[in-house]
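Residues per chain are reported as follows:
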Amino acid sequence: MKTITVRDVWIARNRIRQTLPPTPLIPSAVLSEKTGVPVYLKLEQMQPTGAFKLRGAVNMITSLPPEEKKRGVVTFSTGNHGFATAYAAAQAGMKAVVCVSSHVPETKIHALEAVGAELHIEGESQDEAAKVCARLQEEKGYVLIPPFDHPAIIAGQGTIGLEILEELPQVQTVAAGLSGGGLLSGIGLVMKETDPAVQVAGLSVKKGAAMDDSIQAGRPVASPEHPTHADSLLGGIGSANRYTMPLITQYVDERIRLSEESIARGMAFLYETHRFVVEGAAAVGVSALLDGTVKPTGPAVAVVTGNNVGIQEHRQAVLPWLSNQQDAP
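The shown structure was predicted, so the numbers you read here are calculated from the model rather than taken from an experiment.

Considered as a void within the structure, the largest pocket measures approximately 480 Å³ in volume. Considering each element in turn, the lining of the largest pocket owes the most residues, three residues, to helix H7 (residues 126–140). Here the residues of the lining of the largest pocket sort into 12 nonpolar, six polar and three charged. No fewer than three residues from each of domain 1 (6–51 + 150–321) and domain 2 (73–141) sit in the lining of the largest pocket. Residue lining of the second largest pocket: 25 residues in total, with Pro105, Thr228, His229, Asp231 and Glu313 positioned closest to the centre. Going through the elements one at a time, helix H6 (106–114) and helix H14 (311–327) are the ones with two or more residues in the lining of the second largest pocket.

Below, the structure is given as structure tokens:
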């Protein structure tokens, strides 16, 4: 098995910076006051596809040899990775096929169609969509672009960590969503290999936290999916997981499951305080800082991972919190 190093992340940084400039890192004065330490938001929703997933997809697709680029690519996704793969493939003049489960919101389906992806909507979970993807890969000869468990994907997502350290070298805590693990495998690798004292927190949903379930079981396990504000955090880690489960085990200090109320509160905070409309999975770092489930001892960064949420879904999540704020004495 290939060992992923910080050098791989630097190579990815040099590869993707030609088309993807660094995203903003901004201070949150209100969150800093609430936590007692400086808090910053890493705005990955500013990517062209509205989510951090573009980093890994661009890194892997641009690194493919010419003969593989001619075959086209296939992937499975809860939405954001599929969109990133389709976008990166279109930029490279390649065909992209995306397999999704029936639980992926219509907002993300429409976005995938708009960027030109060939869609296959089958199954009740990401694991079932992955089986469809494997079948098409074998039948059609497409190149698989995995959503998380691949060195090129992990290295691409790890470039977020490099950008954080460049702008905030004194960072002490990084909090972000944890699903398949590609994001925090890359960020955790960069942070911990730079300074083992940096606290890395992975936030998941209460029900369907496949990575947390798998690490507790000591092997990859399937976790039933349930409706959630953070649908991007659903999905299995793959029965043959090779990279992200060991990396998350090694580099992530805390794995925390958040309630739906907490996730909605983070979404509402980002809207009310910063006027950001983001999906639930993007708000979980903020949610954990607001709740105090993540307790930073120094400068902290919450990675705001994406904005691919329908207006109705966003409204349903945040209105109760905004109404409570207005009703408060």
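Once you've had a look at it, read on.
Note that cysteine 133 resides in helix H7. Note on cysteine 133: relative accessible area 1%, which makes it buried. Taking the C-alpha atoms as reference points, cysteine 133 and valine 98, separated by 35 residues in sequence, lie 7.7 Å from one another. Ignoring any residue separated from it by four or fewer positions in sequence, one finds cysteine 133 in contact with Val74, Thr75, Phe76, Cys99 and Leu144.

Take glutamine 199: it is sitting in strand E8 (residues 199–205). Judged by relative accessible area, which is 17%, glutamine 199 ranks as buried. A distance of 2.8 Å separates a polar atom in the side chain of glutamine 199 from a polar atom in the side chain of threonine 173. Look past the residues within four positions of glutamine 199 in its chain and what remains in contact with it is Gln172, Thr173, Val174, Asp253, Glu254, Val294, Lys295 and Pro296.

Reading guide: rules and limits
Residues numbered from 1 in each chain as written. Predicted model: local features only at pLDDT ≥ 70, side-chain atom pairs only at ≥ 80, totals over all residues. Heavy atoms only, no water. 1 Å grid on protein atoms, 1.4 Å probe; cavity = no way out; pocket = protein on both sides within 12 Å on 5 of 7 lines; lining within 4 Å. Points joined across faces, edges and corners; volume = space filled by probe spheres on them. Helix = DSSP H or I, 4+ residues; strand = E, 2+ residues; numbered from the N terminus. Nonpolar A, V, L, I, M, F, W, Y, C, P; charged D, E, K, R; others polar. Domains from an automatic or database assignment. Buried < 20%, exposed > 50% of the residue type's maximum accessible area, 1.4 Å probe, protein only. Contact = heavy atoms within 4.5 Å. Polar contact = N/O pair within 3.5 Å; in protein donor to acceptor, adjacent residues only side chain to side chain.

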